[in-house]
Amino acid sequence: MRFINRLWESVWGGMGTLISQRQKSVVRGLARVVSAVVLMSMCVPAMGQGGGGGSVAVRAGKVITAATGQPYVIEDCVIVVRDGRIVAVGQNVAIPPDVRVIEMPDAVVMPGLVSASSSGPVSGSPESIRAGYRAVDAFSTYVDYRELLASGVTTMHLSPGWNRLVSGRGGVVRLGGAESSGRVLREESDLTVNLGEGAWSPPSIVKELVPPSSDNEIVPPTLQRPTSRVGQFLAIKEAIELATNPARGAEFDVNSAALARAWKDNLPLRVQSQRSADIAGAIGFLSERKRAGYVVGGHEAAAVAKQLQDAGIALVYTIPGSFRGPGGNLGNDPDVIEANVQDLAVLTGVKLAIGVGPGQSVTDLLLAASTAQRAGLPAQRVIEAITRVPAEIMGVADEVGSIAVGKRADFVVLNDEPLSGRAQVQGVYVDGVLAYSLGMRLKQAVGGEGRDEEHRTVAMVVRAGTIWIGPGQWLERGEVLIEDGKITQVGKRVSVPKGARVIDAGADAFVTPGFIDAYGHLGLDGDTTALSAEHSLVRLIGAADVSDIRVARSGVTTVMTAPYRAAGQGSQITAVKTSGASREGRVVSATAGVVFDVSDADPMTVGDRFKGRIEAGKKYLETWKKYEQDVAEWEKKKAAGTLEVTKPATVDEGPAAAKPDDALTGTWRARLFGGPIRPEDEREGTIQFKLTGSTFEGRLLEPPVPVEFKITGTLDGKKISGKLEIESRGLGYPTFEGVIDRDDHATGTINFQGLTVNFDMRRTDKGDVEFKVASSKKRKTTGKDGRPLPPKVDESLEPMKLALEKKIPLVVSCTTEQQIDAVLDVLVDQNDLAVVLLGAPTAKKHAARLSEKNVAVIPPAGVMRKEKAEWYHQLDDLTRRGVRVAMQSDVEDGARTLPGVAMYAVQQGWSGEAALSALTIDAARAYRLEGKIGSIAPGKDGDLVIFSGYPLDPASEVRRVIVGGEEVKR
């Protein structure tokens, strides 16, 4: 087999092996993640609490009772608890002398949150009708749920799942109280039915041959319904009919028996559905059968609000929120359903509870519910929708959901108004006993719509009550003028050019610069190719599509788009607008940075990864500096009239006589091994090199190849580097680096698309070499008038040239303290380059140095993470230490959730001013783009976001977005 073909077969074969192993690893990893999520949401570490409950009196500055028949809010209120039950609530309540009194003059107390939706372990059985499964059987009453209690949730529904037509029977539990008797409120609270695409086309039922025998007939798999919207109701009716009227002698079926019992006992139907057509069908089904029930999901419920109201059917509206990290991508499908809290405004007459979306932690319930204020819902209705109303819907309102006499003493202590977005849970009482407090140490848990250019608005004036110009600069009742896509004036009153469009956002509106995703993958559509340094992502940019516009509508107007994986020689980052009708209008910077990944490198080798690249870049830059000097000198002479007319000068780029007995010229025997090449696939071949000055050229002699190619590179002392000019269908050339470690012997690596293999060479003949196909081109260095001509452009070194000129940063993904030290030593101290650290979870150890050297950090996408069993807020910590930070999504159109992540970060203690800076000017500064984006000032791009209020308040929403002076269509 031919040597070079075998090499790349081995490389790509190895890649396939790696991918296969990676896929298996991902599957195993997903299983672990699912288990961890289940454990996090259902089995967080235990804190025993025995007895029937405590006796205590709590006096609080403000109590939200959420109860009927008494005031919604009581100021300076006393709650008296006896044996875990509330016995008195009010302002002038006599406190028994034998109970302990807890004074909370500045606190806000409210009922424990009741989550009417949750995610937990579901049955893995394939049956479409799975009524035999009980969610409560997977719930442990002896587990510590303080991580859930810390969010204020004290009661939750146990869901049997969203993936089957009848997924089972749900339950209702409390997350504290007596382990033996106080935690399960209802073992069977409902029969859960799922309508919609998620429950369609269940797997076929295969009857196992147990025991196998000649008379045990092999039967084909049994197909299951439903496969369509109509079929789902037919399947339910058929299952009920069979369950309630079983044929004599029919084989016993546990699911059918459970369905019959649930139907006979009038167990309420819990219909989980998002589509309006399915909800309408559910209303008809419940009314026809005269069954009690309610709907969960309801993202299109606004379309059937009147039907819900007339039928008296309650709705648990699930609000998905990717607050703890960027959400998943939705892609380009315009029919994807995504919750819009504005729809809640038309559900006035519907009994409404609010829950979290499928797969989302119940710990986000309060923050998710807070966003319902965007629909104009009063605070009282929102609070009742996560306390008393869900308790009523699930049939446990006589026990929980409000602060009233006779109810269980489950309540939450907050430091601010519940829906303010800044409120933190200070303590949680269950049965009158402190089950969680902020000071408790928690155990480690397992854990295109762009308009045509000819229709662009020439001028636009934006007026608003508050304009956040930049850090510490708030302009009250101000205006911004945008002309030809650029901001030209900012002030109390600006010019209004004739024909200008005026947007008066209102006195309550809040305007910010467009937000920046400091590291994402928008537009890659899942392509994980590690692009080599000479390739820019610009060629992927066109008119904004559906996914781009989704991101723009969220307020994220610029994304630093990078490949999912960085190539060994670095990969380019492109700054892209999220809205626009053309490539020219969307590209902010074709090469905004170069990303390298040293997160898996030995810190001792980090310097070597960069050194050759930097040295080659410096030499390349010097040729351009010399060219610029020669041009300046030529222009000076021309202006003075002293220019001599000469013939165009040329330089011979062909081979010259080799030095006798140099370190490289001759014939070498090479071996490839390591990396993706298995030991049995290692091969050897013969290569000849010819050194000319400091550059060399080579050819593969054996084994023969169909198409001859060149090996080119440079020799610097004992170091060799270059590329194999092999046709790779636009993926770039394989590159190599090595060292002649002793006479007639060299070692190094070949890199291609993120894969690395080793080579080992020994010289077998030092004789001079001449190639049949050798370059003998002569390149002109001056024009006809003697003006110097520019040197040859090397696309692979152009990004490094920009970095050496300090026009762009090197973005380096690293993990350990030692890696960060090595990066700062080589790139900052030794070469004075602009650097941004990506990820860098240990960056706080270098905070003083990072601040002094003006090195920005883009922390991991998630806000909070565990460090030594404690939650760590890296964004807040680094900001307080004087380090500039920016925020990344590390996803594609999931970047639309970045503002929500920032809101969560603020709710967890980060300064709102710091968050706005990180999303705007600090991200722009990190990429040397502060002259174009990141703040509201003359000369900057006309990228603005108009909010209904302060941007990081849960009640605020994005009203309008302007990108490059054009409004993004809603």
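The text that follows walks through the structure, step by step, so that each part is easy to find. Treat the numbers as computed from the prediction; the structure is a model and nothing was measured.

**Examining the overall build of the chain**
So, step 1. When helices and strands are counted, the chain shows 19 helices and 42 strands.
So, step 2. A buried classification covers 54% of the 970 residues belonging to the chain.

**Here we look at the packing of helix H3 (residues 229-244) against helix H5 (residues 276-289)**
So, step 1. Running from N to C, H3 and H5 cross one another at 25°; their axes reach a closest spacing of 10 Å. Viewed along their axes, H3 and H5 adopt a mutual orientation that is roughly parallel. You can see that H3 and H5 cross each other, and the crossing is right-handed. Between H3 and H5, the contacting residues are Arg229, Gln232, Phe233, Ile236, Lys237 and Ile240 on the first element and Ala277, Asp278, Gly281, Ala282, Phe285, Glu288 and Arg289 on the second.
So, step 2. Here the residues of the contact of H3 with H5 are counted per class, giving six nonpolar, two polar and five charged.

**A look at the nonpolar core**
So, step 1. Ranked by size, the top nonpolar core spans 150 residues in total, and within it Leu344, Leu827 and Leu837 carry the most contacts.
So, step 2. Look past the residues within four positions of Leu344 in its chain and what remains in contact with it is Tyr317, Ile319, Leu352, Ala372, Ala375, Leu377 and Arg381.
So, step 3. Formed by 23 residues, the second largest nonpolar core is a distinct cluster that contains Phe696, Phe709, Ile726 and Ile750.

**Quick notes on the sheet that holds strand E28 (residues 695-702)**
So, step 1. Pairing is antiparallel in the closed barrel, where eight strands are placed in the order E26-E27-E28-E29-E30-E31-E32-E33. Neighbouring strand axes in the sheet, compared pairwise and without regard to direction, differ in orientation by 30° on average.
So, step 2. In this sheet, E28 lies alongside strand E27 (residues 683-692) in antiparallel orientation, the contact comprising seven bridges. Within E28, the position partnered with Leu691 by the bridge is Phe696.

**Let's talk about H3**
So, step 1. With 16 residues, H3 ought to run about 22 Å at 1.5 Å a step, and its terminal C-alpha atoms sit 24 Å apart, in line with that.
So, step 2. Within H3 the residues assigned to the buried category are Gly231, Gln232, Phe233, Ala235, Ile236, Ala239, Ile240 and Ala243.

**Some remarks on the pattern of salt bridges**
So, step 1. In this structure the tally under the stated criterion is 59 salt bridges.
So, step 2. Note that Asp144 and Arg146 form a salt bridge whose closest N and O atoms lie 2.6 Å from each other. Accessibility classification places Asp144 together with Arg146 in one group, the buried group.
So, step 3. For Arg881, the salt bridge is made with Asp877, and the minimal N-O distance between the two is 2.9 Å.
So, step 4. One connected set of salt bridges, linked through shared partners, spans Arg85, Arg174, Glu399, Arg408, Asp410 and Asp431.

About the cut-offs
- Residues numbered from 1 in each chain as written.
- Predicted model: local features only at pLDDT ≥ 70, side-chain atom pairs only at ≥ 80, totals over all residues.
- Heavy atoms only, no water.
- Helix = DSSP H or I, 4+ residues; strand = E, 2+ residues; numbered from the N terminus.
- Buried < 20%, exposed > 50% of the residue type's maximum accessible area, 1.4 Å probe, protein only.
- Axes fitted to C-alpha atoms, helices over the stretch in contact; angles between N-to-C directions.
- Parallel < 35°, antiparallel > 145°, perpendicular 65-115°, else oblique.
- Left-handed = near helix turned anticlockwise from the far one by under 90°.
- Contact = heavy atoms within 4.5 Å.
- Nonpolar A, V, L, I, M, F, W, Y, C, P; charged D, E, K, R; others polar.
- Core = buried A, V, L, I, M, F, W, Y, C linked by side-chain atoms within 4.5 Å.
- Pairing = 2+ DSSP bridges.
- Expected span 1.5 Å × (residues − 1).
- Salt bridge = Lys/Arg side-chain N within 4 Å of Asp/Glu carboxyl O.

Without other data, these values stay purely geometric and don't point to any function.
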